[in-house]
Amino acid sequence: MADFSRSMLAILVLWLAVCLSGTLAVERANFKTCDQSAFCKRQRALNPGESPYRALLETMELTNTRLTLQLKNDKNKVRLLLELYRLQGNITRVKINELKPLKPRYEVPDVLIREPPTEPLSLLSQDENGVVLSLGAESQRVIVSVRPFRLDIMEGRDVLLSLNSRGLLAFEHLRMRKDTQADREAEDADLEDEAISNESEEEGMWDETFKSFTDSKPNGPTAVGLDFSLPGVEHVYGIPEHADSLRLKTTENGDPYRLYNLDVFQYELHNSMALYGSIPVMVAHNAQRTTGIFWLNAAETWVDISSNTAGKTVFGKMLDYVQGSSETPQTDVHWLSESGIIDVFIMLGPTPKDVFSQYASLTGTQAFPPLAALAYHQCRWNYNDQDDVQSVDAGFDEHDIPYDFIWLDIEHTDGKRYFTWDTNKFPTPKEMLQSLMDKKRKMVTIVDPHIKVDSSYKIHNEIKSRGFYTKTKDGSDYEGWCWPGSAGYPDFSREDMRDWWASMFAFDQYEGTMENLYTWNDMNEPSVFNGPEITMHKDAKHGDWEHRDLHNLYAFYVQMATAKGLIQRSGGVERPFVLTRGFFAGSQRYGAVWTGDNAAEWGHLKISIPMCLTMGLVGISFCGADVGGFFKSPNSELLVRWYQTGAYQPFFRAHAHLDTTRREPWLFGPENTALIREAVRQRYSLLPYWYQQFYHTYHTGQPVMRPLWVEYPQDPASFALEDEFLIGKDLLVHPVTEEGATGVTAYLPGKEEVWFDVHTFQKHSGGQNLYIPVTMRSIPVFQRGGSIIPRKLRVRRSSACMEHDPYTVYVALGNQRVAEGELYIDDGHTFNFEKKEFIHRRLLFANNILSSVNLAPEAHFPTHSTIERIIILGANKPTRATLTTADGQTRILEIDFDASASVLTLRKPGMNAGTDWTVTLH
């Protein structure tokens, strides 16, 4: 501590004081508004309808794979290069860059899984006003208008989307500062530069001050912006991360939505402030079509949303209808980024599932997690020592509550030196891990990307000697303040740095670790306590690039390197589990995300639903929120309701601040312990279904936790619902998120559907709002009629202990008295499923016959699990039921029939879950 400056120490002490207080909310003054962000203020001040850009048709070149065309700014004479591609899968890509930049501008690497394959473009017509190009099927075409430049994507007579229709395209070109000799020489060399040199310069173009921080801008103003219009659209979603509603709001009377990864202490709800991660993807939906916009830019970004239907009362909309208003609803979106280029992918659907597949084809799908990662996680900042870990572990056994992972926060390390252990508190970590392994349980330790500056610390010395730290603008190692005090920040944008970081997870490097230890990357926005907006200075350097160019990628790279390390340490055999707080487009390929430092408040419980639904819509299915709330201490009602909600969200982890009272599930009295136990047990019984959903999202990109409109895209009643959701397409969950609630109203979609309460088996018709009385035991969950869901009802202490246990198959009959589902089984933790080592079966009920058919005949995997029970909801009583197995053997099954609930139970059929079989009802 002797080398800490007093001022820096004061900053750290102040930060710790804030973090240790559960009563304070976000300090808004630490974070910029649009008016305090010079480029946002400049670009937002542009007037619609005054675009200076025109297309130069004489420069057009059309090849089999792309169109190129120059755009000229008639005010400053700067020329841009437009590239247009038709991509496979009904995607259109538009890139705009300077034609002749003074030096290269940043283009985001590593996010796309490959260079997207193209399809032919063809010219349909051309005149002096523009050109028309064919996009192939469905009479889709692109119209490029000359003056002002505008691009419209059409299908038949309908405009699907327009670019620059409001004339807000802006591209701040690289330039020399006015008073430099180089600028005067360039001015003499080219008459067109006279217009450039006469451009007015505004405050904040070459440097910008926020609070006590000055951001130098050696490249000057480099912002880009473009507007998009979506005719017929009233509902847009996406662009996480914000603690806001599922349906994005208009921003005309406030700040735009901000995308800038930040460590926001105890964030507020229902505002557009940036949070820990950024995914620049927006999904637009109406009853006819779903489309998506992927703005591939990793710099600070703001998104303005306006609508011609915003603010209309219900009466106003009714008046439009009665009077026959011809006004078509329209949403306009204005994207603004501080640097880089315009590189946008327009995903043309037309269905929600098409858009998910299109986005997955660009950035990849959700990593297929180990089965155990889908179970329950117990975490706290911090479990004190090995005895504490052992005591908590024993408590779960004593109270018969299953769990799979126990977590250790920063206090487990030697003085916040990551990849180490505090030898006083954790003297024998391998013994601790072995004790957990003996119970088939696992541990997660935190590894943050700020590295303590300490010459006796191996990790710091290695990074420094290899030159791997991010640099200041002057070329020295960048240092900031975080949990260890003075810390360096590795340059994760470097592949060689990521490779070295990955190597540190090897068992012989990260001492005291074993194969049941996994990793948590926190503070990776990156968080810098004494930096502007509590993050890294924008003029810090990553090689040739400024931090401003790639800020939102930093966390993406940290998680990438960590996941690679966990894979490498097993020789490429084991699937990793890595949780990250910061993220970007493509982060889904590397693990899970949580919603950050929430609070033990009912509003935070409620907002966790739209926050995770939004993540799923833009690729990240593995999302959860800290159960119980990170800050503050929940009362027993809130804690129970949070467990009941978290048990039906993809990532299920309890976590708490070190300043909160202990809240292990058995500390709130026997009655509440029983309620929490039941919620956790419901999660474990459904693990086969959860695992199957993640297998599907790994292959297709479809979200696991999804809004109702994804499955019912033509039902406007579902478009803004955010207090209920679907898991896959067959389970509907309506958590109880109001204090003291005695009932909830759930919308059951689908007029032709039926839904069964999974607890009472009561049958309800779809297409209605259903009032459901609730008690503290209630978790309103419904299974869709026409579905088949396998469960494991013998819940044990961890998921691995249930590996060979039998299945109970729940068949919910629809109105047509048919149902179908799937059963997926593999080893639960390796990549061997990629080698066709799995079981994937189709379960079908039709014509009173339930059958299991192999969906992957080329795959093979042995299982000891059997089918021990079949429960058919909405059934008639048969005279008998006959089982026929794969070897042709038949026998009569034992039948129970509950006439009051129309539930038929077939007991002890006993066939192997991986074989063909049929059950016939007579």
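Note: the structure precedes this text.
Below you will find a few notes about this structure. Given the structure is predicted, the values throughout are model-derived calculations rather than measurements. (Residues numbered from 1 in each chain as written. Predicted model: local features only at pLDDT ≥ 70, side-chain atom pairs only at ≥ 80, totals over all residues. Heavy atoms only, no water.)

1. What about the overall build of the protein?
Phase 1 of the analysis: When you go through the protein residue by residue, the secondary structure sums to 17 helices and 54 strands.
Phase 2 of the analysis: A compact globule built from 922 residues should have a C-alpha radius of gyration of about 29 Å, and the protein, at 29 Å, falls within 12% of that.
Phase 3 of the analysis: Counting all 922 residues of the protein, 62% fall into the buried class.
Phase 4 of the analysis: Nonlocal contacts in the protein, meaning residues at least 24 apart in sequence, comprise 72% of its contacts between residues at least 6 apart.
Phase 5 of the analysis: Surface summary for the protein: the accessible area is close to 33,900 Å², and the carbon and sulfur share equals 49%.
Phase 6 of the analysis: If you average the places of the 93 positive and of the 121 negative side-chain charges in the protein, the two averages end up 4 Å apart. (Helix = DSSP H or I, 4+ residues; strand = E, 2+ residues; numbered from the N terminus. Rg over C-alpha atoms; globule rule 2.2 N^0.38 Å. Buried < 20%, exposed > 50% of the residue type's maximum accessible area, 1.4 Å probe, protein only. Contact = heavy atoms within 4.5 Å. Areas by Shrake-Rupley, 256 points an atom, 1.4 Å probe, with all protein chains shown as cover. Lys, Arg positive; Asp, Glu negative; His and termini not counted. Charge placed at Lys NZ, Arg CZ, Asp CG, Glu CD.)

2. Things to note about the side chain of H547
Phase 1 of the analysis: Assignment of secondary structure puts H547 in helix 11 (residues 547-550).
Phase 2 of the analysis: Classification of H547 by relative accessible area gives buried; the value is 0%.
Phase 3 of the analysis: Residues in contact with H547, not counting those within four places in the same chain, are P526, M536, H537, K538, A540, H542 and Y554.

3. A word on the packing of aromatic side chains
Phase 1 of the analysis: Evaluation of the coordinates by the stated rule reveals 51 aromatic pairs.
Phase 2 of the analysis: Look at Y106 and W545: their rings are 5.0 Å apart centre to centre, the planes differ by 75°, and that puts the pair in the edge-to-face class. Of the two residues, Y106 sits in the loop between strand 4 (91-98) and strand 5 (118-119) while W545 sits in strand 30 (residues 545-546), which places them 439 residues apart along the sequence.
Phase 3 of the analysis: Residue Y106 is classed as buried on the basis of its relative accessible area of 7%.
Phase 4 of the analysis: Ring geometry for Y237 and W709: centres 4.7 Å apart, planes at 25°, overall stacked. Highlighted residues: Y237 in strand 15 (residues 235-238) and W709 in helix 17 (residues 708-711), separated in sequence by 472 residues. No difference in accessibility class separates Y237 from W709, as the two residues are buried.
Phase 5 of the analysis: Over the aromatic face of Y518 sits the side chain of R569, whose NZ or CZ is 5.6 Å from the ring centroid.
Phase 6 of the analysis: Here the basic side chain of R683 rests over the ring of W690, its NZ or CZ set 4.2 Å away from the ring centre. (Phe/Tyr/Trp six-rings, centres within 6.5 Å; stacked < 30°, edge-to-face > 60°. Lys NZ or Arg CZ within 6 Å of the ring centre and 35° of its normal.)

4. Side note on the sheet that holds strand 27 (residues 485-488)
Strand pairing in a sheet relies on backbone hydrogen bonds, with the paired strands running either antiparallel or parallel.
Phase 1 of the analysis: As summarised here, the arrangement of the 3 strands in space is 25-27-26, forming an open sheet in which the pairing is antiparallel. The open sheet has two free edges, formed respectively by strand 25 (451-452) and strand 26 (479-482), since each of these has just one partner strand.
Phase 2 of the analysis: By the bridge criterion, 2 bridges tie strand 25 to strand 27 in an arrangement that is antiparallel. When the bridges of strand 27 are listed, I451 appears paired with G488. (Pairing = 2+ DSSP bridges.)

5. Things to note about unusual backbone geometry
Working note: non-glycine residues mostly have negative phi, and peptide bonds are mostly trans.
Phase 1 of the analysis: In this chain, P240 is followed by E241 through a cis amide linkage whose omega measures 25°.
Phase 2 of the analysis: Locating E241 in the fold gives a position in the loop between strand 15 and strand 16 (257-259).
Phase 3 of the analysis: In this structure, the amide linkage connecting G349 to the following residue, P350, adopts the cis form with an omega of 15°.
Phase 4 of the analysis: Tracing the sequence through the fold places P350 in the loop between strand 21 (342-347) and helix 6 (352-363).
Phase 5 of the analysis: Even without being a glycine, N90 presents a positive backbone phi close to 70°.
Phase 6 of the analysis: By the element assignment, N90 lies in the loop between strand 3 (79-87) and strand 4.
Phase 7 of the analysis: Residue I534 is not a glycine yet carries a positive backbone phi of 60°.
Phase 8 of the analysis: Mapped onto the elements, I534 comes out in the loop between strand 28 (517-521) and strand 29 (541-542).

6. Examining the state of the cysteines
By definition, a disulfide links the sulfur atoms of two cysteine residues through a covalent bond.
Phase 1 of the analysis: Under the counting rule described, the total for this entry stands at 2 disulfides.
Phase 2 of the analysis: Listing the disulfide partners of the protein by sequence rank of the bonded cysteines yields 1-2, 3-4. (Disulfide = S-S within 2.5 Å.)

7. Considering helix 8 (residues 429-438)
Phase 1 of the analysis: Among all positions of helix 8, only P429, M432, L433 and L436 are buried. Taken down its axis, helix 8 places every buried residue within 95° of arc, on the same side. Summarising the geometry of helix 8, the exposed residues directed more than 90 degrees from the buried face are E431 and D438.
Phase 2 of the analysis: Residues of helix 8 that are buried sit in contact with helix 7 (386-398), strand 23 (405-408), strand 24 (442-446) and strand 28.
Phase 3 of the analysis: Once helix 8 ends, the next one or two residues include K440, with phi positive near 60°. (Arc of directions from axis to C-beta.)

8. Brief notes about the pairing of strand 26
Phase 1 of the analysis: As judged from the 4 bridges shared by strand 26 and strand 27, these two strands associate in the antiparallel manner. Its bridge partner being in strand 27, W481 is matched across the sheet by S486.
Phase 2 of the analysis: Hairpin connection, strand 26 to strand 27: the antiparallel pair is bridged by 2 residues.

9. Structural notes on the packing of helix 10 (residues 495-503) against helix 12 (residues 554-569)
Phase 1 of the analysis: Contact geometry of helix 10 with helix 12 gives a least axis separation of 7 Å together with a crossing angle of 45°. If you check the angle between helix 10 and helix 12, you find them oblique. Between helix 10 and helix 12 lies a crossing of right-handed hand. Counting all contacts with helix 10, which are made through R498, D499, W501, A502 and S503, the residues of helix 12 involved are Y557, V558, M560, A561, T562, K564, G565 and Q568. (Axes fitted to C-alpha atoms, helices over the stretch in contact; angles between N-to-C directions. Parallel < 35°, antiparallel > 145°, perpendicular 65-115°, else oblique. Left-handed = near helix turned anticlockwise from the far one by under 90°.)

Function cannot be inferred from these measures alone, as they are strictly geometric.
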